[in-house]
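Analysis of the macromolecular model
Next come the chains, spelled out residue by residue.
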Amino acid sequence: MDFPTFLIQLLNSVQYGLLLFMLAAGLTLIFGIMGVVNLAHGSFYMLGAYLAYALSSLLGSLALAIACGAVLSIIFGLALEWLLFRHFYERDHLDQVLLTFGLIYIFEEMRSILWGDDVHSVPIPDVLAASIPLTDTLSYPVYRLVISGICVALAIGLYLLISKTRLGMKIRAGAFNRDMTEALGVNIKLIHAIVFALGVALASVAGMIAAPVSSVYPNMGSQVLIMCFVVVVIGGIGSVRGALIAALLVGLVDTFGKVLLPHLSGMLVYMLMAAVLLWKPQGLFKQ
């Protein structure tokens with residue numbers, strides 16, 4: 001492998017890893033803070049992709065579609081938490097699994113009714129359609145670099161929100177001891193609603209920015225859901241920092257595995273997970 005090809009694969013792995021982090025961060029927040037096993041998380045990624053397709057066609061701008069889609073995702077997350085999820089916080093994990101597994105089928109049927117079962121494409125904005133030349137024959141798309149930049153900005157924003165703000169302090173307190181936090185006067189129901197809406201928005205935005213490079217198609221959420229759980233398990237359940245490092249590791253292993261060891265590429269990520277769990281059964285970082 002020459003250096004330009006290595007550089008392209010490295011950039012691809014970082015972009016893929018950062019996209020996985022956005023998905024896994026929402027998943028680990030929902031489970032770590034609220035204790036909810038959410039199998040429908042991949043459906044929020046699919047929702048974002050279809051919102052990007054529908055809104056970009058309607059508004060004529062991908063940037064406006066992402067902005068409007070993010071707001072709609074937050075509203076949808078708040079409504080879903082109020083209608084369903086808040087009634088399952090104290091229930092057994094099996095009940096939560098059954099609820100979220102049922103939601104997968106509901107969302108898929110709604111997707112089929114609203115947008116059909118065809119594969120759709122989302123055009124890349126003209127200003128971002130260029131490529132950066134690496135050699136005479138190899139170049140790298142600008143839009144993929146933009147995806148990485150958006151993910152990095154959102155990761156920094158998530159870190160500042162959780163670590164440096166009063167809301168983040170309440171979120172961390174609720175994750176550490178929910179009953180004591182509520183006894184101190186914190187509205188834990190509101191914190192749960194905000195965290196759930198944030199998790200939905202992160203997954204949805206990931207789907208929106210990925211739509212132009214991955215297309216929009218049925219059952220796309222189920223494919224990323226497994227990788228999300230792999231990232232969460234490797235990084236440590238409830239750890240956002242662990243989710244970031246694990247997502248980058250998974251991105252590297254998956255991308256370079258497909259190039260260097262294509263006959264083993266389907267196993268390498270799970271071999272990585274097994275190796276990490278043998279070394280640290282709780283994952284790389286604790287909550």
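Residues numbered from 1 in each chain as written. Predicted model: local features only at pLDDT ≥ 70, side-chain atom pairs only at ≥ 80, totals over all residues. Heavy atoms only, no water.

With respect to the overall build of the protein chain
- What the protein chain contains, in helices and strands, is 11 helices and 2 strands.
- The order of α-helices and β-strands along the protein chain, N terminus first, is α-α-α-α-β-β-α-α-α-α-α-α-α.
- In terms of overall size, the protein chain behaves like a compact globule, its C-alpha atoms giving a radius of gyration of 19 Å where 287 residues would be expected to give roughly 19 Å.
- Across its three principal directions, the C-alpha atoms of the protein chain cover 65 × 50 × 35 Å.
- A burial count over the protein chain gives 46% of its 287 residues as buried.
- When contacts within the protein chain are restricted to residue pairs at least 6 apart in sequence, long-range pairs at least 24 apart make up 76% of them.
- Approximately 14,000 Å² of the protein chain is accessible, and the part contributed by carbon and sulfur atoms is 69%.
- Charge centroids of the protein chain, computed over 14 positive and 14 negative side chains, lie 14 Å from each other. (Helix = DSSP H or I, 4+ residues; strand = E, 2+ residues; numbered from the N terminus. Rg over C-alpha atoms; globule rule 2.2 N^0.38 Å. Buried < 20%, exposed > 50% of the residue type's maximum accessible area, 1.4 Å probe, protein only. Contact = heavy atoms within 4.5 Å. Areas by Shrake-Rupley, 256 points an atom, 1.4 Å probe, with all protein chains shown as cover. Lys, Arg positive; Asp, Glu negative; His and termini not counted. Charge placed at Lys NZ, Arg CZ, Asp CG, Glu CD.)

Some thoughts on the environment of Ser204
- Position of Ser204 among the secondary structure elements: in helix α8 (residues 188–214).
- Ser204 sits in the buried class, given a relative accessible area of 0%.
- Measuring from C-alpha to C-alpha, the distance between Ser204 and Trp82 comes to 19 Å, with 122 residues separating the pair along the chain.
- With near-sequence residues (within four places) excluded, Ser204 lies in contact with Phe44, Gly48, Leu51, Gly69 and Ser73.

Describing the environment of Arg91
- Position of Arg91 among the secondary structure elements: in the loop between α3 (62–83) and α4 (93–115).
- Remark: the alpha-carbon pair of Arg91 and Val36, spanning 55 residues in sequence, is separated by 9.2 Å.
- A polar atom in the side chain of Arg91 sits 3.2 Å from the side chain of Asp95. (Polar contact = N/O pair within 3.5 Å; in protein donor to acceptor, adjacent residues only side chain to side chain.)

Brief notes about unusual backbone geometry
- Residue Ser215 is not a glycine yet carries a positive backbone phi of 70 degrees.
- Take Ser215: it is sitting in the loop between α8 and α9 (220–235).
- Classification of Ser215 by relative accessible area gives partly exposed; the value is 26%.
- With a phi close to 65 degrees, Asn219 is a non-glycine residue in the positive phi region.
- One can find Asn219 in the loop between α8 and α9.
- Of the residues examined, Asn219 reaches a relative accessible area of 41% and is grouped as partly exposed.

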